[in-house]
Amino acid sequence: MSKVLVDGQEIEIGAHERLNGIQAAARAGIEIPHYCWHPGLSVVASCRMCLVETGRRDAATGEISMVPKLVPACQTPAAPGTVFVTNSAKVAAARALVEEDLLLRHPIDCPICDKAGECLLQDYHFKYGQAERRADIKPFTSRRRPVGGTVTLFVDRCVMCTRCVRFTREITGTHELMIVNRGSQEEIDVFPGYPLANKLSGNVVDICPVGALGDTEFLYRQRVWFLKRHAGVCAGCATGCSIHVEENQDRIYRLKPRENPHVNRWWMCDEGRYGFQHVHSPRRVAGPRRRVGARWEELPWSSLPDQLDADLRRAGRLAVVFSPHLTVEEAYLLAGYARAIDPAALLVLGPVPRVGRDETFPGGFTIRAEKCPNRRGVQEIVSRLAPEQVELAQLPELIAAQSIQGLWVSGGYKTDWHDESWAAALAEVPLLVVQDLFESPLWDRATYQLPGAAFAERDGSYVSATDRLQSFRWAVRPPAQVLPEGPLLWRLSGRHGLYRASQVLAEVAREHAYFAAAAEGVPEVGVDLKVQLLAPV
Amino acid sequence: MAAERILTAEMIAEIEAYLRRYPTRQAVTLPALHVVHHHLRHVPLQAVVEVAEFLELSPAQVQDTLSFYGFFKQAAPHGRTRAWVCRSLSCALRGGEEILQHLCGRLGLEPGGTTRDGRLTLEAAECLGACELAPCLLAGQRLHGNLTPAAAEGLLESLGPSRGQAG
Amino acid sequence: MAEFEPVLLAQVGKADSHTLRVYEAAGGYAALRRTLATLQPAEVVTLVKESALRGRGGAGFPTGLKWTFLPKDHPGPIYFCLNADESEPGTFNNRVLMEDDPHQVLEGLILSSYATRTTTAYIYLRYEYPRARERLQAAIDECYAAGYLGRNVLGSGYALDVYLHQGAAAYICGEETGLIESLEGRRAWPRIKPPFPAVEGLFRKPTVVNNVETVACVKQIAARGAEWFKSIGTPADPRDPRDPGSYGPKLYCLSGHVARPGCYEAPLGITARQLIDEFGGGVWKGRRVKAVVPGGISMGLLSADELDCPLDFSGPGRYGCLGLGTAAVIVLDETVAIVDFLHNTARFFAHESCGQCTPCREGTAWALRMLERIRAGRGRWRDLELLREIADSIGIIPGTTICGLADGAAWPLKNAMDKFRDELQDYVRRTNPGGYRQTEPAVAAQPAGPGLAVHGPRCEAGGHATEFRES
């Protein structure tokens, strides 16, 4: 451990840690404003906003000698004995001048700029800027330039931090963004015919400190100060990026990556980022129904569980198809419930959507071909309880041989996930329960149609392809006619009170060695389940 | 829609000859741009695409470099003679600005512009490094010094199509 | 002083001075031959250190010391970049050397490369020097043919390749890491330091960047000795242990309002007055001096009563200038308006600022806008205050920028404010009688802190203090 001084406060730096001045100051609770530095990108020290005074403290005498000139904190290592001063008049004046410089030719766009409310230029101006505007330019509004399908560039708002250009060079390796011209004429642009179109494009909007880069889909849709932010996990693929779900009045407006050094660091892919529209699709199925002969009987949620339970107990042999979109807790409850009714119930892992191959980018980020968030977790639950591993493909013939009388199928897929013939084969069972988001051939043939929850509407945990378990709470309420899987199964299992996913997880962790690491609660960045495994599973 | 290739075999051979001088392909960017500019008197966007392909870079990377230097023309070829008139301090002290203004007026051009017949491009240059001969003008490969507005005008007249050299 | 026998310019003026034949006839490459045969690379470094040679490119850093920063026992490759991008306004001595004595430059380059164990040397040559390009390339070809370059230089076992690399009209390519970035094929944005080029430079390998005149001096030191070099120039100040002295001959470029502009060689330390009068034939047209640029426009201005300033590495600093720079001396006579000088230099720096860091990119553009407005008769006293503020805040000296271009942009403004304040204020008052006073007093930048002040200072005329003006 070594000591670094920041504004008189002593900070401990671990022997293996490599921190710069900004990070050391953050540890002391002190903000050093900066634009161009980003922990995931190269250090360029070009914005000059993070200038501080630095010096050394003699280890023996304790005497401090300061360097006469300012230095960027982002390029100054917090080496043992380093002294940082961020609150001097010299530093304040330097910051005020950089702010002024950036505002000299900045368009007066705040009223029409999406970034207002989360804009570093605004924030730093209030904290560190000057009261008086001395610029000599007439107010103007920014030019707008499309740089790709999902990102819009407001050229004149750019402060030349070059984060976006470095992102496409260092993280995606796609090199679409460039700087053109020299000096104060510099602008960000793409080469004609080569738009910003890589699978991680949306991240440049996150890292842009001002309103220069905007999400085309999100433009002008919501002011950020109305958005409430919830920690979540992306359900787009088996990478399981940590995200924030940002919503207002139960409507999701955008997803943003949440920093997680073990999974996605600071990034998420576009498919995940923009993959929430289905949550508010008008095609979402409403109202649970039961088929009675040729009619449909609308069932209120107050009486449905008892009715369903009775029908299941009368049915005979049961089988359950587990969607890889279920949480660990839901899969556990469902499996337990089915086995409580029929100890020999078949437990089968449902279709696992795969598209293409795993793709890893130069910066290390990986998009998985497996387009569901919890195949790993669901499979563990299923295989523990049903070691005989019935394959999904065997189901139609088992049904045809009349070995199954009651079938519960869990869906939750974003897109079409089966065809007519598969639905017809499964629908041969006398009692078919389908829990899903959208109509489908199987849904149309169900005995019980149960509208299910989307990913952002449930509490629970997912396990990623790398055996990391992350837990999350719901971010938006589901449509009025939906009772999410968790509460429904909780009730069917005869448990009382409100659904508590954390309680279920603790049970799972006690009963299944694979989940043992989650027994004492799960931190925000999740937990690596492999930590507790001493032998290969 | 495949665009017609611009780089000739000769240009490619010239660019290729530079590869052995540098450990990276990207370092051949500036020499390659000079080759193209020398032949075509400008570097059209299609040429940028082809140079990028050859150097295993993205077009954006090459364009980024190209646009930094005010030297390369892109929209249209410069004139057969490219005349740089120096406007830095030593030349300005001895009439450089007047020469530039005079030529702009006579030719009906702004600095950077080309005459309609494609004969001449007039550029404002920063210090040409010939201050002992101020005010001066670099036309093609030749430096002319100790000019007056009239002498400069006469000089450019005399550089007809047969004598003007591409930059 | 005028009797000093030129060494660096000894060949210049002779017929065919640029050819190998003439160069060898005058004893050329004997120093290289002897050095390769008798000295190890480290010994050449020691020799150059002993000579106290300081770089001639503008920074004046001790050359031998710079060479010692290269890592010992590095497996290589090590690169040498000869900075022939000479773009500082007023400067042309490198051009003269390259056009009229390219072999002196090459011999110095080969010696310097040998000393630093360089395997490949690039000559980054600005586009605007076509004749230098032609002659240097011909000289390089002659060297390969004669065995001074290639796999086995003069049978010594040392291998060296030299390539010409042509620039594209950007001043910032003369900054050593801007040059490196440009050579690597990117926009010439200077790198942050550390790491320094000697540790991690061109293609991330140890690299030395030196000026053309510097390597020519290396040749002369190898030929005549360190003692000889130290017998010329201004010795180190015995009272200042950190003064390395200003030794050796220097090429001074004299231009502007003098009778005989030209490149003149003299021992380091002649005064501006001596250079102008004894070499340059005095101010032209019988006029009087108003101001003199001592070392390229980045260095600022000497006023008319500061002409006894010695033009060595420490002299101009004592008169408030940035330094000796490129020793390009430009004379301004009494008819020059200082505001025009400032506009010309501001335009240059705004045009050449690479744009990477905020204070320089915005500051140089702002300074130009203000000076254009002042020249257009809409200047204000507060503009002069603002120009001063910009000048005091940008540069590597205060630490606010990545490279020294900003310091160069700042210094003419600083010197003009200090030495010609009355003239500037007078100009503004005369040309803008109705609006030169903005508010009183001129308000310096004050950080707002929490609770943003809504109202600015009270304005005389009753309008809001922060009027938006067209730039």
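This text follows the structure it describes.
Residues numbered from 1 in each chain as written. Chains lettered and ligands numbered in written order. Predicted model: local features only at pLDDT ≥ 70, side-chain atom pairs only at ≥ 80, totals over all residues. Heavy atoms only, no water.

**Student:** Give a detailed account of the pairing of strand S8 (residues 151-154) of chain A, specifying residues and quantitative values.
**Tutor:** The side chains of a regular strand alternate, first on one face of the sheet and then on the other. Residue and element names in this part refer to chain A. The two faces of S8 match: Val151 and Leu153 on one face and Thr152 and Phe154 on the other face are all buried. Where strand S7 (residues 144-146) lies against S8, 3 bridges are found, and the strand directions are antiparallel. Bridge assignment links Arg144 to a residue of S8, and that residue is Phe154. In this structure, the hairpin formed by S7 and S8 is closed by a connection of 4 residues. Pairing geometry for S8 and strand S11 (residues 213-215), over 3 bridges, is antiparallel. Bridge pairing in S11 places Val151 opposite Asp215. (Buried < 20%, exposed > 50% of the residue type's maximum accessible area, 1.4 Å probe, protein only. Helix = DSSP H or I, 4+ residues; strand = E, 2+ residues; numbered from the N terminus. Pairing = 2+ DSSP bridges.)

**Student:** Please give an account of the interface of chain B and chain C that cites residues and values.
**Tutor:** Taken together, the contact pairs 39 residues of chain B with 55 residues of chain C. Connecting chain B to chain C are 3 salt bridges. Put simply, Arg187 of chain C and Asp64 of chain B hold a salt bridge, and the shortest N to O gap is 2.3 Å. Applying the counting rule to chain B against chain C returns 23 residue pairs in polar contact (both at pLDDT 80 or more). Counting residues per element, the ones that place at least two in the side of chain B that touches chain C are helix H2 (29-40), helix H4 (59-68) and helix H5 (89-92) of chain B. Residue composition of the side of chain B that touches chain C, grouped by class: 18 nonpolar, 13 polar and 8 charged. (Contact = heavy atoms within 4.5 Å. Salt bridge = Lys/Arg side-chain N within 4 Å of Asp/Glu carboxyl O. Polar contact = N/O pair within 3.5 Å; in protein donor to acceptor, adjacent residues only side chain to side chain. Nonpolar A, V, L, I, M, F, W, Y, C, P; charged D, E, K, R; others polar.)

**Student:** Tell me what's going on with the nonpolar core, and back it up with residues and numbers.
**Tutor:** Side chains of nonpolar character tend, in soluble globular proteins, to be buried together. Judged by nonpolar contacts, the single largest core of 166 residues is most densely connected at Val204 and Phe455 of chain A, Tyr69 and Phe72 of chain B together with Leu387 of chain C. The leading source of residues in this core is helix H13 (residues 338-352) of chain C, at 8 residues. If near-sequence neighbours (up to four positions away) are discounted, Leu387 of chain C is found in contact with Ala367, Met370, Leu371, Ile374, Leu413 and Met417 of chain C. By size, the runner-up hydrophobic cluster in this structure holds 69 residues, among which are Cys127 of chain B together with Leu36, Ala216 and Tyr247 of chain C. (Core = buried A, V, L, I, M, F, W, Y, C linked by side-chain atoms within 4.5 Å.)

**Student:** Any details on the interface of chain A and chain C? Residues and values, ideally.
**Tutor:** Every contact between the two is made by 43 residues of chain A and, on the other side, 50 residues of chain C. Of the roughly 3,900 Å² buried between chain A and chain C, counting both surfaces, carbon and sulfur atoms make up 53%. Of all residues in chain A, Arg134, Asp136 and Arg182 of chain A bury the most surface against chain C, accounting for 20% of the area lost on that side. In this structure, Glu389 of chain C engages Arg134 of chain A in a salt bridge whose closest nitrogen and oxygen atoms are separated by 2.8 Å. Where chain A packs against chain C, one counts 19 residue pairs in polar contact (both at pLDDT 80 or more). Breaking the side of chain A that touches chain C down by element, the ones donating at least two residues are helix H2 (89-104), helix H3 (120-128) and strand S9 (177-180) of chain A. Ranked by residue count, the leading element in the side of chain A that touches chain C is H2 of chain A, at 8 residues. (Buried area = accessible area lost by both parts, 1.4 Å probe.)

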